[in-house]
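# Summary of the model geometry
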Amino acid sequence: MSLLPTMLERIARARVDLRMGLPVILTTGDTAILAIAVESLSAARLADLRDLGQVSLALTARRAATLKARVYDEDIARIAVPTDVELGWIEAIADPADDLQTPMKGPLTSARSGDATLPRLAIALVKSARLLPATVYVALENAGDFALKHDLTLLPQSATEPLLNKSSPLHPVAAARLPMEASQAGRLHIFRPEDGGEEHYAIEIGRPDRNTPVLARLHSACFTGDVLGSLKCDCGPQLRGALGQMGTEGAGVLLYLNQEGRGIGLANKMRAYSLQDQGFDTVEANHRLGFEDDERDFRLGASILRELGFSSVRLMTNNPGKIAMMEKTGITVVERVPLKVGENEFNRHYLATKASKSGHML
């Protein structure tokens, strides 16, 4: 029946559930877990989990390394939650906000045996919901009956994991003329992903020839830099500089991708900023939160370019990762156009970190 939700729609529902503090059920074969994001966990629901069995906490290997917890599952750690600890203990393990004030956490006992497939999937789901990458879970029997009885979202691992790893298809929604400071000949295109995620935008300057390489930039949304004029990064100057150069040349495409904070979301980006105020650099802050250096999906940009009819670009970037991803996804980069603007006393260390740890050509 077409009115039933597809797997993609069930995953979107699961993201909303996790953000609101509801548990989701993950299954593989005869095994199942009931998982809740730590960020939205309540004391009452923690007590309910404990009524079902031994509660465990899944963390990424990045966060586990900060806590000096042993990692036996390569990319995640499964930590046994003591029966006598309260919600605050779990939150402190997941959130590095008070790490410097209380550096000694634990004791932390990592699981060595058992399958980590479902806890790993739970972490991936929580990440995709732009929450802290930490989840509590408990083993569950009769998962199907439990899901029906409690009206909970159930996701089989075999169908969910491939969709989470796949870049969601984007579809054009609307487009209209938009005169801008950079160019009166502007046009804004809106693209919506199938997975219920944030919409992405293409700003077209002039009438670029589809048969020649277009001056293009993949720009990740930065509310603090683009809107507020933050001096902690160079995003705002890069946005205005790219549009300005396109306006001067009379043609170009700027792809505005809603992947705030290198793909971790604005809330987590502010958590990272708070850690930077404690002395950590950008990469270290992301790792302490449990994220990788960069969680963005640049395949989205390639998809939009193809949808607009472009197959080759003169890419405005300092990031070699963007060039590699464009080439990998079938968009030919005929030229890298440097975009070195916006350095100041507040972001000098940030830019140096991008160069030394992320390979940016600055």
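Structure's up top.
About the cut-offs
Positions within a chain are numbered from 1, following the residues in the order the chain's sequence is written. Local features are withheld for residues below a pLDDT of 70 in this predicted model, meaning they are given only at 70 or higher, and side-chain atom pairs are given and counted only at 80 or more; totals for whole chains, interfaces and linings count all residues. To obtain the side-chain values, all non-hydrogen atoms of the structure were included, while hydrogens and water were left out. Pairing between strands is defined by DSSP: at least two bridges between them are needed. Only DSSP runs of H or I covering at least 4 residues are called helices, and only runs of E covering at least 2 are called strands; the numbering of each starts at the N terminus. Helix axes are fitted only over the stretch in contact, all axes being lines through C-alpha atoms; the angle between N-to-C directions runs from 0 to 180 degrees. Only protein chains enter the accessibility calculation, which uses a 1.4 Å probe. A residue is then buried if its area is under 20% of the maximum for its type, exposed if over 50%, and partly exposed in between. In protein, a polar contact means a hydrogen-donor-capable atom and an acceptor-capable atom, both N or O and within 3.5 Å, with residues adjacent in sequence counting only if both atoms are side-chain atoms; elsewhere, any N or O pair within 3.5 Å suffices. The contact definition used throughout considers only heavy atoms, calling two residues in contact when any of these lie within 4.5 Å. For salt bridges, the criterion is a side-chain nitrogen of Lys or Arg within 4 Å of an Asp or Glu carboxyl oxygen. We call two directions roughly parallel when the angle between them is under 35 degrees, roughly antiparallel when it is over 145, roughly perpendicular when it lies between 65 and 115, and oblique otherwise. When residues are grouped by polarity, Ala, Val, Leu, Ile, Met, Phe, Trp, Tyr, Cys and Pro land in nonpolar, Asp, Glu, Lys and Arg in charged, and all others, Gly among them, in polar. For this analysis, a nonpolar core means a set of buried residues of the types Ala, Val, Leu, Ile, Met, Phe, Trp, Tyr and Cys, connected via side-chain atoms within 4.5 Å. Patch membership requires more than 30% relative accessible area and the absence of a salt bridge. Residues of like charge join within 9 Å; the nonpolar side chains Val, Leu, Ile, Met, Phe, Trp and Tyr join within 5 Å. Per-residue and other accessible areas were derived by the Shrake-Rupley procedure at a 1.4 Å probe size, with only the shown protein chains allowed to occlude residues. Grid points spaced at 1 Å and placed over the protein atoms alone form the basis of the search, with a cavity being a set where a 1.4 Å probe fits but cannot get out and a pocket an open set showing protein on both sides within 12 Å along at least five of seven lines. Lining residues have an atom within 4 Å of a point. Grid points are joined across faces, edges and corners, and a volume is the space filled by probe spheres set on the points. By convention, a stacked pair of Phe, Tyr or Trp rings (six-membered ring in the case of Trp) has centres within 6.5 Å and planes under 30 degrees apart, an edge-to-face pair has planes over 60 apart, and any other such pair is tilted. Only Lys NZ and Arg CZ are tested; either one counts as a charge over a ring when it is within 6 Å of the ring centre and within 35 degrees of the ring normal.

## Digging into the sheet that holds strand β9 (residues 200–205)
- Strands sit in the order β7-β8-β9-β11-β10-β12-β13 across an open sheet of seven strands; the sheet is mixed. The open sheet has two edge strands, β7 (170–177) and β13 (332–337), and neither has a second partner. Strand-to-strand, the axes of this sheet are offset by a mean angle of 25°, without reference to chain direction.
- By the bridge criterion, six bridges tie strand β8 (residues 186–193) to β9 in an arrangement that is antiparallel. Residue pairing in the sheet places Gly186 in a bridge with Ile205 of β9.

## A few points about the side chain of Thr153
- As for its position among the elements, Thr153 is in the loop between α6 (143–150) and β6 (154–156).
- Look at Thr153 and you get buried, because its relative accessible area is 7%.
- At 2.7 Å, the side chain of Thr153 and the side chain of Asp17 are in polar contact.
- Sequence-distant contacts of Thr153, that is, excluding residues within four places in its chain, are made with Arg10, Arg13, Ala14, Asp17, Val24 and Ile25.

## Some remarks on the pattern of salt bridges
- Enumeration over the complete set of coordinates arrives at 19 salt bridges.
- Glu292 is paired through a salt bridge with Arg62; the nearest N and O atoms lie 3.0 Å apart. A residue pair is termed long-range when its members are at least 10 positions apart, and Glu292 in the loop between α12 (282–289) and α13 (299–308) and Arg62 in helix α3 (residues 61–66) qualify at 230 residues.
- Overall, the relative accessible area of 34% leaves Glu292 in the partly exposed class.
- A salt bridge links Glu295 to Lys127; its shortest N-O distance comes to 2.9 Å. Of this pair, Glu295 sits in the loop between α12 and α13 while Lys127 sits in helix α5 (residues 117–128); the two residues are 168 residues apart in sequence, bridging distant segments of the chain.

## Describing the packing of helix α1 (residues 7–20) against helix α7 (residues 157–165)
- Here α1 crosses α7 at 80°, and the two axes come no closer than 10 Å. By the angle class used here, α1 and α7 are roughly perpendicular. Seen from α1, the contacting residues are Met7, Leu8, Ile11 and Arg15; seen from α7, they are Ala159, Thr160, Leu163 and Leu164.
- Here the contact of α1 with α7 is built from residues that sort into six nonpolar, one polar and one charged.

## Considerations on the sheet that holds strand β5 (residues 134–139)
- Taken together, six strands build an open sheet; the order of strands is β4-β3-β5-β2-β1-β6 and the sheet is mixed. The sheet is open, and its two edges are formed by β4 (76–80) and β6, each paired on a single side. Across the sheet, the mean angle separating the axes of adjacent strands is 30° when strand polarity is ignored.
- Here strand β3 (residues 56–60) pairs with β5 via four bridges, running antiparallel. When the sheet's bridge partners are listed, Ser56 is paired in β5 with Tyr137.
- Sheet strands in contact with α1 are β1 (24–28), β2 (31–37) and β6, and its direction is about 130° off that of β6.
- Across the sheet, α7 touches β1 and β6, and the angle it forms with β6 is around 80°.

## Considering the nonpolar core
- Ile25, Leu34, Leu57, Ile90 and Val136 are the most contacted members of the largest nonpolar core, which totals 31 residues.
- For Ile90, the contacting residues outside a window of four places in its chain are Val38, Leu41, Leu46, Leu57, Val81 and Val136.

## Some words on the environment of Val136
- Relative to the elements of secondary structure, Val136 occurs in strand β5.
- Between the C-alpha atoms of Val136 and Glu39, which are 97 residues apart in sequence, the distance is 10.0 Å.
- If we skip the residues at most four places from it in the chain, Val136 touches Leu34, Ala35, Ile36, Val38, Leu41, Leu49, Val55, Ser56, Leu57 and Ile90.

## Observations regarding a nonpolar patch on the surface
- A cluster of nonpolar side chains, contributed by Phe223, Val227, Leu228, Leu266 and Met270, occupies part of the molecular surface with about 450 Å² of accessible area.
- Breaking the nonpolar patch down by element, the ones donating at least two residues are α8 (223–227) and α11 (266–277).
- Within the element layout of this structure, Phe223 appears in helix α8.
- Judged by relative accessible area, Phe223 falls into the partly exposed class, the value being 39%.

## With respect to the layout of surface pockets
- Its boundaries defined by the atoms lining it, the second largest pocket holds a volume of some 590 Å³.
- For the second largest pocket, the lining is made up of 35 residues, of which Cys233, Arg262, Thr282, Tyr350 and Lys354 are closest to its centre.
- Elements that contribute at least two residues to the lining of the second largest pocket include exactly β10 (214–220), α9 (235–249), α10 (260–263), α11, α12 and α15 (348–358).
- Take the lining of the second largest pocket: its biggest share by element is five residues, from α11.
- When the residues that make up the lining of the second largest pocket are grouped by side-chain class, the tally is 11 nonpolar, 14 polar and 10 charged.

## Brief notes about the packing of aromatic side chains
- Counted by the stated rule, this structure contains one aromatic pair.
- Relative to Tyr256, the ring of Tyr201 has its centre 6.1 Å away and its plane inclined at 15°; by these criteria the two rings are stacked. One end of the pair, Tyr201, is in strand β9; the other, Tyr256, is in strand β11 (residues 252–257), with 55 residues separating them in the sequence.
- Looking at Lys232, its charged tip hangs above the ring of Tyr273, at a distance of 4.6 Å from the centre.

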